[in-house]
Amino acid sequence: MSTAMDTESTYSGYSHYSGHSKKAHRQGRDRHKSPRSKDGSRSEKSVTIQTPPAEPLLGNDASRTEEGQDDNWGETTTAITGTSEHSISQEDIARISKDLEDSVGLDCKRYLGLTVAAVLGLLVFLTPIAFILLPQILWRDDLEPCGTVCEGLFISVAFKLLILLIGTWALFFRQPKADMPRVFVFRALLLVLIFLFVFSYWLFYGVRILDSKDTNYQGIVQYAVSLVDALLFIHYLAIVLLELRQLQPMFTVKVVRSTDGESRYYSLGHLSIQRAALVVLENYYRDFPVYNPALLTASKSRAAKHMAGLKVYNVDGPGNNASGQSRAMIAAAARRRDSSHNELYYEEADHERRVKKRRARLVVAVEEAFTHIKRLQAEEQQKAPGEMMDSREAAQAIFPSMARALQKYLRTTRQQQYHSMESILQHLSFCITNNMTPKAFLERYLSPGPTLQYDRDRWFSKQWTLVSEEAVTSGLQDGIVFVLKCLDFSLVANVKKIPFIKLSEEFIDPKSHKFVLRLQSETSV
């Protein structure tokens, strides 16, 4: 019972720290520091990292104090649980207001397009049926009798309409993946073509059949069959324009993330700029590692620390010109810059050493925790029913033994804002249920995965803006550059055309592979 109470009191405070706990944390850490590290810790505290408005596993101030903390920080930290206070930043307010403004127009445009397509599709399928039924309703007694050929055309129309219905459902009635800024040109052209085609058939039907009350019923049915045949050919044209045309690779797109320089290459076919941007975003969520702004603050904190260490004294009195101070400041900064590469080298080496050490501790802790779990067989489940646990209870039982090592590792690698305690418990329960090894459990945390691996609340990119000098409905061309912007970063795409490749053939006779052994006096043969 005491172990369970200690575990609850230790890990219930992961998400939020009160002001008193932060003060106690800093006081306890300062007792382990030497007076020489005061300036360094003061400059590091000035770095602020804005995290998403979600509940992280490890507190928002962890990445700010990582550089100066020791390995025994947990013994001097007081975790206080209770009512938490949620805050919201200016970036969150801007993101929410932008989403509200864009959602209204996008929803109206989406529903308008779906309504127009649904009405036109209903008109297309009802038109052949109306062509056949209207003469039977209006002048049934004057019609010529329908023979065997006419009745066979009924079966042909029925099956062709069924095939057209299935093909239309498979090609057009799919869940939309994104809201485009402009209409899809080929889709709009197909809708216009279908409308003009059906309208022309109705016009001819009204003038030549309805007005004259044609009595040749077999000719009327054949007219409806020709309409269905033409609609099947239009459906084939739609497959070629919407699906097959873009399959052959014609362009290579290099996508670079503006903040950290992460890049990928993709091959695309004949697509418009907006559809190419959609393909880039689909691959971005799958291929690019998740965007972590905490990793970008090291250079900023290092520059701030260098500038904080520069002091200029005015020995000539207050009346002297400030240009001398500026020149002295620049000269001192240049001297500091000459030796900054050594500081960067040792900082990165120390960080790698710390990551390797805490990774080894985490691997050992997880392997020891997994040794306490044993899957019961069917005959063993009847022996001790009181000691059995489901996967969730087993995960909660072994999690405290690995939580401290996992906590330190995530803070060192600055991944704490992506993993809440609940998500870790769910992943641990999933691994236990599927009888996965400790390495399979650690795969998610030892290296940052793609964006789709994490919850949507941890994503920094949800609303995108396409920026291009060319019209977004125009096709891709060599040298086109377009940018996909979100609130925190942007993706820069540079399009290059795949060059024309000319291959030549050279025939080699298999009998020509003959060799002669050349002996020399110096050789040992």
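Conventions used here
- Residues numbered from 1 in each chain as written.
- Predicted model: local features only at pLDDT ≥ 70, side-chain atom pairs only at ≥ 80, totals over all residues.
- Heavy atoms only, no water.
- Helix = DSSP H or I, 4+ residues; strand = E, 2+ residues; numbered from the N terminus.
- Buried < 20%, exposed > 50% of the residue type's maximum accessible area, 1.4 Å probe, protein only.
- Contact = heavy atoms within 4.5 Å.
- Areas by Shrake-Rupley, 256 points an atom, 1.4 Å probe, with all protein chains shown as cover.
- Core = buried A, V, L, I, M, F, W, Y, C linked by side-chain atoms within 4.5 Å.
- Pairing = 2+ DSSP bridges.
- Axes fitted to C-alpha atoms, helices over the stretch in contact; angles between N-to-C directions.
- Salt bridge = Lys/Arg side-chain N within 4 Å of Asp/Glu carboxyl O.
- Parallel < 35°, antiparallel > 145°, perpendicular 65-115°, else oblique.
- Left-handed = near helix turned anticlockwise from the far one by under 90°.
- Nonpolar A, V, L, I, M, F, W, Y, C, P; charged D, E, K, R; others polar.
- Expected span 1.5 Å × (residues − 1).
- Phe/Tyr/Trp six-rings, centres within 6.5 Å; stacked < 30°, edge-to-face > 60°.
- UniProt positions renumbered as here; feature names shortened; annotations may be inferred.
- Disulfide = S-S within 2.5 Å.

Secondary structure summary: the protein chain contains 14 helices and five strands in total. Sorting the 525 residues of the protein chain into buried and exposed places 32% on the buried side. For the protein chain, restricting intrachain contacts to residue pairs at least 6 apart in sequence, the fraction spanning at least 24 positions comes to 76%. Accessible surface computed for the protein chain: about 33600 Å², of which carbon and sulfur atoms make up 57%.

This next bit is on the nonpolar core. Grouped together as the largest cluster of nonpolar side chains are 29 residues, with contacts concentrated most on F131 and F197. Of all the secondary structure elements, the ones that give two or more residues to this core are α4 (90–138), α5 (148–171), α6 (185–210) and α7 (217–244). The dominant element in this core, judged by the number of residues it contributes, is α7, at 11 residues. Not counting residues within four places of it along the chain, the set of residues in contact with F197 comprises L227, A230, L231 and I234.

Right, let's get into the sheet that holds strand β2 (residues 263–268). Read across the sheet, five strands follow the order β2-β1-β5-β4-β3 without closing on themselves; strand pairing throughout is antiparallel. Looking at strand neighbours, the two that pair on one side only are β2 and β3 (465–468), the edges of this open sheet. Between one strand axis and the next, the sheet turns by 25 degrees as a mean value, whatever way the strands run. Pairing between strand β1 (residues 251–257) and β2: six bridges, direction antiparallel. Across the sheet, the residue bridging to F251 is L268, located in β2. With respect to the sheet, helix α8 (residues 273–287) is in contact with β1, β2, β3, β4 (481–485) and β5 (490–497), its orientation differing from that of β4 by roughly 55 degrees.

Once that is clear, we can look at the pattern of salt bridges. As enumerated under the stated definition, the model contains eight salt bridges in all. Its salt-bridge partner being R264, residue E262 comes within 2.9 Å of it at the nearest N-O pair. Here E262 falls in the partly exposed class, since its relative accessible area comes to 24%. Among the residues examined, R264 registers a relative accessible area of 26% and is labelled partly exposed. Salt bridges here are not isolated pairs; linked through shared partners, they connect D350, R353 and R354.

Before going further, it helps to spend a moment on the packing of helix α12 (residues 391–412) against helix α13 (residues 421–433). For the pair α12 and α13, the least separation of the axes is 9 Å and the interaxial angle reads 125 degrees. When the interaxial angle is binned, α12 and α13 end up oblique. In terms of crossing hand, the pair formed by α12 and α13 is right-handed. Touching S391, R392, A394, A395, Q396, I398, F399, M402, L406 and L410 of α12 are M421, E422, I424, L425, Q426, L428, S429, I432 and T433, all from α13. When grouped by side-chain class, the residues that make up the contact of α12 with α13 number 12 nonpolar, five polar and two charged.

Turning our eyes to something else, we now look at α13. The first and last C-alpha atoms of α13 sit 18 Å apart over 13 residues, in line with the 18 Å expected at 1.5 Å per residue. Residues of α13 that are buried include every one of S423, I424, L425, H427, L428, S429, C431 and I432, and no others. Residue N435 follows α13 closely and has a positive phi angle near 55 degrees.

What follows covers the packing of aromatic side chains. Inspection of the entire model under this criterion finds 20 aromatic pairs. When the ring of Y201 is compared with that of Y223, the centres are 5.1 Å apart and the planes differ by 35 degrees; the resulting orientation is tilted. Remark: Y223 occurs in helix α7 and Y201 occurs in helix α6; sequence separation between them is 22 residues. Grouping residues by exposure puts Y201 and Y223 together as buried. Relative to F489, the ring of W464 has its centre 5.8 Å away and its plane inclined at 80 degrees; by these criteria the two rings are edge-to-face. Placement of W464 in the loop between α14 (438–446) and β3 and of F489 in the loop between β4 and β5 is noted, with a sequence separation of 25 residues between them.

What follows covers the UniProt feature "transmembrane region" (unreviewed entry) in the protein chain. Mapped onto the present numbering, the UniProt feature "transmembrane region" (unreviewed entry) falls on residues 111–133, 153–172, 184–204 and 224–244. The distance from the first to the last C-alpha atom of residues 153–172 is 28 Å, and the span holds 95% helix and 0% strand.

A separate point is the state of the cysteines. Inspection of the entire model under this criterion finds one disulfide. Disulfide pairing is shown between C146 and C150; the S-S distance is 2.0 Å. Of note, the bridge from C146 to C150 carries an S-S torsion of about -120 degrees and is left-handed in sense. Since its relative accessible area comes to 1%, C150 is described here as buried.

Helix length check: α6 (26 residues) gives 36 Å between terminal C-alpha atoms against 38 Å at 1.5 Å per residue, within 8%. What α6 keeps buried is the set L190, I194, F197, V198, Y201, Y205, G206 and I209.

Another aspect to go through is the pairing of β4. Examined bridge by bridge, β3 and β4 share four bridges and lie antiparallel to one another. Pairing of L466 across the sheet is with L484, part of β4. Relative to β5, β4 runs antiparallel, the two sharing five bridges. Within β5, the residue paired with L484 across the bridge is L491. Counting the residues that bridge the hairpin from β4 to β5 gives four residues.

On to the packing of α13 against α14, then. Axis separation between α13 and α14 bottoms out at 9 Å; the angle between their running directions is 150 degrees. With respect to their mutual orientation, α13 and α14 come out roughly antiparallel. Read as a crossing pair, α13 and α14 show a hand that is right-handed. Every residue of α14 that contacts α13 at I424, H427, L428 and C431 is listed here: A440, F441, R444 and Y445.

Okay, the side chain of S272 next. Tracing the chain through its elements places S272 in the loop between β2 and α8. If sequence neighbours within four positions are ignored, S272 has contacts with V472, T473, S474, G475 and L476.

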